[in-house]
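Understanding the architecture of this molecule
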Number of protein chains: 2
Amino acid sequence: MRNKVSLKDIAQKVGVSTAAVSYALSTGKEGKVSEEVANRIKAAAKELNYQPNQIAKSLKMGRTNTLGLIIADVSNPFFATIARVVEDEANKHGYTVIFGSSDECPERAWDLINVLLNRQVDGLIIVPSEASEEQILYLKDQKVPFVLIDRYFPEISSSFVAINNYKAAYDAVMHLAKAGRKRIGMLAYKTSLFHMQERKRGYQEALRDSGLSPDENWLKEVRHGDIKNEVKTAVEEMLASDDAIDALFFATNTLAINGLKYIDSLKLKVPDDLAIVSFDEGEAFDFYYCPLTFVRQPVVELGNKSVQLLLAQMSGSDGGISQVHLDPELVIRKSSGLV
Amino acid sequence: MRNKVSLKDIAQKVGVSTAAVSYALSTGKEGKVSEEVANRIKAAAKELNYQPNQIAKSLKMGRTNTLGLIIADVSNPFFATIARVVEDEANKHGYTVIFGSSDECPERAWDLINVLLNRQVDGLIIVPSEASEEQILYLKDQKVPFVLIDRYFPEISSSFVAINNYKAAYDAVMHLAKAGRKRIGMLAYKTSLFHMQERKRGYQEALRDSGLSPDENWLKEVRHGDIKNEVKTAVEEMLASDDAIDALFFATNTLAINGLKYIDSLKLKVPDDLAIVSFDEGEAFDFYYCPLTFVRQPVVELGNKSVQLLLAQMSGSDGGISQVHLDPELVIRKSSGLV
DNA sequence: AATATATAGTTAATCGATTAAATAAACAAC
DNA sequence: GTTGTTTATTTAATCGATTAACTATATATT
């Protein structure tokens, strides 16, 4: 079909062995062939438009120069951006990225891991989904180089790049408290994943430290399935209780989008009726009438760092574990009612 | 490091040749080994957790079960969705997708094509960028199976899946005319790409057919570089002229986002001061105060069809060319001022 | 001149899976 | 009992590139 040109063809044309061709074309092997022959080989390679077969090279070398990336949800711009950043950074280092989305489903993540390992990726970057601990342990056991990103399991020792979720949530809620809000609600995902636990812990500690006694009705959790309706019900309840919330902290961008749509439908005004702080930004928020205060995650740094850690781990003899925490930034705008 | 288990290991364990193992484990070769030995082999494979090395398989078979996808811009949700759909559909057929973004830059597209071909992808799906004709001709010449998507070159005979851009624009502008608008502007990209020419043609014909004499100031084109400022200037001019526009048709979602932000800053009200129709939808529009009338492209069908055409082309003996035009749909909402 | 040392190139094994062809054993046919 | 056929299994070549080990010159050293 194509790419008929192999080392053999060049060798034949020039009248040398394939070994000579290989030496001549690979950098760093200069001494092996005379300059004159090397030039003839290079000329022939160019003339025939030789493109090396990476598959053959990979088989021989045991490396594919490919990284696998498993994100939790492509349709979420946060992860989509991570994917893009990881790809760029990997390319910069001569690596190709193959990626897939687990859609928060551990079975799908297993499939992806197998597909990627069968394709001999040199390493993996993973946003782990719930109940995927055994996958991580498996990778450790198999000594596959990998780095977790965005999320990790505190009880499993592994390399990861994540943000300080506790601090992010704490600062966000503290900010609402300082803005004079007394009844601050939080909308989170129902998951055992550590990053979400940390966000909830940050929320709770901030309430405590502000001298606000939390109402259990103020912290609602929704499942991944039918987000739209669950969010609606949750917000409804937070607003319906005797002491309805006067501020709401969204634990993720998807929660914020769904929550705000419902809040708008109630004709509630942000920030007067309800102050808002969200996790993450998003193009979607650009048209929201009230500029949102939000927790900005250092997505680019997260992505870049994960690639760098992975490459280091792959080349490093030690195979050491590095755990990186990056600090998010609270971007204060109108929706929190202070500016 | 990992995946130490090869056919050889199983062969050794069971005490047979690697050929026997290969036959026993590949479906469709049932008759080749006795059931008893086959079972022992399968048991050993499971026990050792054998995972076939796809690289070796690819080298031998000359197929990688991988498709390459080159899109024009990952940060554009339209293309991001296409990427996702293509990936899903390809997975369904047992193919993995490696993809990259040309960022509308032909040099980058060349790089990507080479990277993907070196990795022996079995076929390519491409959103061609401007001035990439020679790339397409190269692929034809090399007999690489490929399908263009979203855009194509009418002067080059190749398989593609695209929408009827002329009709989409014609319908959109006709709709504005029927809504009583007399001075309808269009904001497009400055590019020679056929799909954009078609959108402009649709706009112009619709004006003509509505008996509206087009003003040359009403059709503005911006370059990809500094979109934000160019859009601002363009919209400014369309509004400043003696007969300022009373309706505006955006040729893409990115143009719409930038244009609307600027229009909002002018305190113009949609649709009263200015009626709007946009190409494409997007999460970003969900929060726009006035629901937008827009041209909905059948993204899922586009993506699925492109994969199907490619697979057919790859398996097909004829290598025939199929050109598919899908029809977009005008979704009418408030911004065009008719509902 | 004999020996050591570069230099330039080739040979052949290797990576892991597939598969055509060869072989061996079991059984049937006449 | 020789020949033919079926069934089960192995041998060995192959895909394309890399590279250790080897060979054959040419050049340098003593």
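Residues numbered from 1 in each chain as written. Chains lettered and ligands numbered in written order. Predicted model: local features only at pLDDT ≥ 70, side-chain atom pairs only at ≥ 80, totals over all residues. Heavy atoms only, no water.

1. Structural notes on the sheet that holds strand β10 (residues 293-296) of chain B
All names here are of chain B. Note the threshold: The rule for pairing is simple: two strands pair if DSSP sees at least two bridges between them. Helix numbering and strand numbering both begin at the N terminus, where a helix is a DSSP run of H or I of at least 4 residues and a strand a DSSP run of E of at least 2. Axis definition: a line fit to C-alpha positions, over the contact stretch in the case of helices; interaxial angles, taken between N-to-C directions, run 0 to 180 degrees. Contact definition: two residues touch when any of their heavy atoms are within 4.5 Å.
Overall, mixed pairing links the six strands, which are arranged β7-β6-β8-β9-β10-β12 in an open sheet. Two strands close off the open sheet at either side, each with one partner strand: β7 (219-222) and β12 (329-331). Averaged over all pairs of adjacent strands, the angle between strand axes in this sheet comes to 20 degrees, irrespective of strand direction. Of the strands in this sheet, β6 (184-189), β7 and β9 (275-279) touch helix α9 (residues 194-209), which is tilted by about 170 degrees from β6. Relative to the sheet, helix α11 (residues 253-265) contacts β6, β7, β8 (247-250) and β9, its axis offset from that of β8 by approximately 145 degrees.

2. Let's talk about the protein's contact with DNA strand C
Stated formally: If even one non-hydrogen atom of a residue comes within 4 Å of a molecule or strand, that residue is called near it. As used in this structure description, the phrase polar contact means that two N or O atoms lie within 3.5 Å; if the pair is within protein, one of them must be able to donate a hydrogen and the other to accept it, and residues adjacent in sequence are counted only when both atoms belong to side chains. Throughout this entry, Asp, Glu, Lys and Arg are counted as charged residues, while Ala, Val, Leu, Ile, Met, Phe, Trp, Tyr, Cys and Pro are counted as nonpolar. The remaining residues, Gly among them, count as polar.
Near DNA strand C, the surroundings consist of 25 residues, among which S17(A), S34(A), V37(A), K60(A) and L7(B) are the closest. Within 4 Å of the protein, the contacting atoms of DNA strand C are drawn from sugar and phosphate to the extent of 59%. The separation between a phosphate oxygen of DNA strand C and a polar side-chain atom of Y50(B) is 2.8 Å. Here N53(B) contributes a backbone N or O atom positioned 3.2 Å from a phosphate oxygen of DNA strand C. Residue assignment for the surface near DNA strand C shows that the elements contributing at least two residues are α2 (18-25) and α4 (54-61) of chain A together with α2 (18-25) and α4 (54-61) of chain B. Tallying contributions element by element places α4(B) first for the surface near DNA strand C, with four residues. Here the residues of the surface near DNA strand C sort into 14 nonpolar, six polar and five charged.

3. Considering the pairing of strand β8 (residues 247-250) of chain A
Residues and elements named next belong to chain A. Basically, it comes down to this: The buried label applies to any residue whose accessible area, calculated with a 1.4 Å probe on protein chains only, is under 20% of its type's maximum; exposed applies above 50%, and partly exposed to all values in between.
Of the two faces of β8, the one carrying A247 and F249 and the one carrying L248 and F250 are both buried. Across four bridges, the pairing between β8 and strand β9 (residues 275-279) is parallel. Bridging from a neighbouring strand, A247 pairs with A275 of β9.

4. With respect to the protein's contact with DNA strand D
As a matter of local geometry, DNA strand D sits amid 26 residues, with L7(A), Y50(A), K32(B), S34(B) and K60(B) nearest to it. Between A56(A) and DNA strand D, the recorded distance is 3.2 Å, taken from a backbone N or O atom to a base nitrogen. Mapped onto the surface near DNA strand D, the elements with two or more residues apiece are α2 and α4 of chain A together with α2 and α4 of chain B. Top element by residues in the surface near DNA strand D is α4(A). It accounts for four residues. Of the residues that constitute the surface near DNA strand D, the class distribution is 14 nonpolar, six polar and six charged.

5. Focus: the nonpolar core
Put simply, the rule is: What is meant by a nonpolar core is a set of buried Ala, Val, Leu, Ile, Met, Phe, Trp, Tyr and Cys residues, joined one to another through side-chain atoms within 4.5 Å.
Core analysis: the largest hydrophobic core is formed by 158 residues, its most contacted members being L187(A), L248(A), L187(B) and L248(B). Those residues in contact with L248(A) that sit more than four places away from it in its chain are L176(A), G185(A), M186(A), L187(A), V235(A), M238(A), I263(A), L274(A), A275(A), I276(A) and V277(A). One finds Y152(A), I126(B), I136(B) and Y152(B) within the second-largest nonpolar core, a separate group that totals 42 residues.

6. A few points about the sheet that holds strand β6 (residues 184-189) of chain A
All names here are of chain A. Strand order in the open sheet formed by six strands is β7-β6-β8-β9-β10-β12, with mixed pairing between adjacent strands. Edge positions in the sheet fall to β7 (219-222) and β12 (329-331), since each of these pairs with one other strand and no more. Neighbour to neighbour, the strand axes of the sheet diverge by 20 degrees on average, direction disregarded.

7. Observations regarding a nonpolar patch on the surface
Convention followed: Surface patches are drawn from residues lacking salt bridges whose relative accessible area is over 30%; two like charges belong together within 9 Å, two nonpolar side chains (Val, Leu, Ile, Met, Phe, Trp, Tyr) within 5 Å. A 1.4 Å probe and the Shrake-Rupley method give the accessible areas. Residues count as covered only by the protein chains that appear here. We define a salt bridge as a side-chain nitrogen of Lys or Arg found within 4 Å of a carboxyl oxygen belonging to Asp or Glu.
Side chains of I332(A), L338(A) and V339(A) sit close together on the surface and give an oily, nonpolar patch of about 300 Å² of accessible area. Inspection of the secondary structure puts V339(A) in the segment after β12.

8. Some words on the pattern of salt bridges
The final tally for this structure, using the stated rule, is 36 salt bridges over all chains. Among the salt bridges present, the one from R84(A) reaches D88(A), with a minimum N-O distance of 4.0 Å. With R84(A) and D88(A) both in helix α5 (residues 77-92) and four residues apart, this pair spans about one turn of that helix. Classification of R84(A) by relative accessible area gives partly exposed; the value is 25%. Residue classification places D88(A) among the partly exposed residues on the basis of a relative accessible area of 33%. The shortest N-O distance in the salt bridge between R296(B) and E281(B) comes to 3.3 Å. Note that R296(B) is positioned in strand β10 and E281(B) in the loop between β9 and β10, a separation of 15 residues in sequence. In this structure, a network of salt bridges that share partners links the residues R84(A), D88(A), D103(B) and R108(B).

9. Describing the side chain of Q135(A)
Residues and elements named next belong to chain A. If you trace the backbone, Q135 turns up in helix α7 (residues 133-141). Judged by relative accessible area, which is 4%, Q135 ranks as buried. With residues near it in sequence (within four places) discarded, Q135 still touches P106, A109, W110 and I113.

10. Focus: helix α6 (residues 106-118) of chain B
Residues and elements named next belong to chain B. Test applied: Expected helix span is taken as 1.5 Å per residue step, with the number of steps being one fewer than the number of residues.
Between its first and last C-alpha atoms α6 spans 18 Å; for 13 residues at 1.5 Å apiece the expected length is 18 Å, and the two agree. For α6, the set of buried residues is P106, A109, L112, I113, L116, L117 and N118. Of the residues one or two after α6, Q120 is the one with positive phi, at around 60 degrees.

11. Digging into the packing of aromatic side chains
Residue and element names in this part refer to chain B. Our working definition: Centres within 6.5 Å are what make two rings of Phe, Tyr or Trp a pair, Trp counting through its six-membered ring; a difference in plane orientation under 30 degrees is then read as stacked, over 60 as edge-to-face, and the rest as tilted. Each ring is checked for a lysine NZ or an arginine CZ that lies within 6 Å of its centre and within 35 degrees of its normal; such an atom marks a charge sitting over the ring.
Scanning the entire structure with this criterion turns up 19 aromatic pairs over all chains. Relative to F160, the ring of Y152 has its centre 3.6 Å away and its plane inclined at 5 degrees; by these criteria the two rings are stacked. Across the pair, exposure class does not vary: Y152 and F160 are buried alike. The cationic tip of K32 hangs over the ring face of Y23; the distance from NZ or CZ to the ring centre is 4.8 Å. In this structure, K269 packs its charged tip against the face of Y289, placed 4.6 Å from the ring centre.

12. Examining the domain arrangement of chain A
Residues and elements named next belong to chain A. Rules: As annotated, the domain borders come from an automatic or database domain assignment. Accessible area, probed at 1.4 Å, shrinks when two parts are joined; the buried area is that loss added up over both.
By the assigned domains, chain A splits into domain 1 (7-52), domain 2 (65-162 + 299-326) and domain 3 (165-297 + 331-336). Computed from C-alpha atoms alone, the centre-to-centre distance between domain 2 and domain 3 is 29 Å. Together, the buried faces of domain 2 and domain 3 total about 1000 Å²; carbon and sulfur atoms form 56% of this surface. In terms of surface lost to domain 3, no three residues of domain 2 exceed F78, E130 and R151, which account for 38% of the buried area on that side. Viewed at the interface, domain 3 and domain 2 are joined by four residue pairs in polar contact (both at pLDDT 80 or more). Looking at the side of domain 2 that touches domain 3, the elements that each hand over two or more residues are α5 and α12 (299-315). Among the residues forming the side of domain 2 that touches domain 3, the class breakdown is eight nonpolar, two polar and four charged.

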